[in-house]
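Per-entry structural report
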Amino acid sequence: MKKKYTKILQQIQSEIPKEYTQNIMKTVKRYEFMKELMQKGIDDPEFPEEKKTYYKNIIQSGQMDIEDEEVDEEITAKIDEFTNNRIREAIEKGNLPKYAFKHLFKKAKKENNKLNK
């Protein structure tokens with residue numbers, strides 16, 4: 001790609017709101033669902049006492065509180081939408097060639113069709 005286009009794309013990338021780039025990763029509890037199921041078993045009066053004790057010990061040990069970092073899909077979608085809109089604006093102004101970004105228009109059209117269903 002020409003240096004001119006690279007500079008424009010770098011400018012677009014630098015304009016991505018900081019609230020998006022700083023929050024692209026989110027912390028999630030890995031075993032939250034399992035912990036909820038164990039708690040339901042503990043609260044169930046018909047559940048065997050030995051399993052209740054076992055589940056209580058696991059929960060109290062903190063094994064179910066392990067956290068992981070994962071990409072926030074909502075934020076990445078917002079970043080994609082932002083950059084695609086800026087690229088479209090640059091194309092309309094004549095700053096970027098339309099032929100090089102045809103895939104954006106096809107992809108955006110497919111995504112919009114999925115959302116509207």
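Scroll up for the structure.
What counts as what
- Residues numbered from 1 in each chain as written.
- Predicted model: local features only at pLDDT ≥ 70, side-chain atom pairs only at ≥ 80, totals over all residues.
- Heavy atoms only, no water.
- Salt bridge = Lys/Arg side-chain N within 4 Å of Asp/Glu carboxyl O.
- Helix = DSSP H or I, 4+ residues; strand = E, 2+ residues; numbered from the N terminus.
- Buried < 20%, exposed > 50% of the residue type's maximum accessible area, 1.4 Å probe, protein only.
- Contact = heavy atoms within 4.5 Å.
- Axes fitted to C-alpha atoms, helices over the stretch in contact; angles between N-to-C directions.
- Parallel < 35°, antiparallel > 145°, perpendicular 65-115°, else oblique.
- Left-handed = near helix turned anticlockwise from the far one by under 90°.
- Nonpolar A, V, L, I, M, F, W, Y, C, P; charged D, E, K, R; others polar.

Right, let's get into the pattern of salt bridges. Scanning the model with the defined rule gives five salt bridges in all. A salt bridge links R86 to E15; its shortest N-O distance comes to 2.8 Å. You can see R86 sitting in helix α5 (residues 73-93) and its partner E15 sitting in the loop between α1 (3-14) and α2 (18-22), a full 71 residues away along the chain. Across the pair R86 and E89 runs a salt bridge, and its minimum N-O distance is 3.9 Å. One end of the pair is R86 and the other is E89, both in helix α5 and three residues apart, which spans about a single turn. R86 gets classed as partly exposed once you look at its relative accessible area, which sits at 29%. Connected through salt bridges with shared partners, the residues E15, R86 and E89 form a single ionic network.

Residue placement: D80 occurs in helix α5. Spatially, the C-alpha atom of D80 lies 9.6 Å from that of I16, the residues being 64 residues apart in sequence.

Mapped onto the elements of the fold, D72 is located in the loop between β2 (67-71) and α5. Sequence spacing of D72 and I24 is 48 residues, and the spatial spacing of their C-alpha atoms is 5.4 Å. Residue contacts for D72: discarding those within four places in its chain leaves N23, I24 and K26.

Moving on, we get to the packing of helix α3 (residues 32-43) against helix α4 (residues 49-61). Where α3 meets α4, the closest approach of the two axes is 9 Å, and the angle between their N-to-C directions is 140 degrees. The pairing of α3 with α4 is recorded here as oblique in orientation. Considering only the axes of α3 and α4, their crossing is left-handed. In contact with K35, M38, Q39, G41 and I42 of α3, α4 contributes K52, Y55, K56, I58 and I59. When the residues that make up the contact of α3 with α4 are grouped by side-chain class, the tally is five nonpolar, two polar and three charged.

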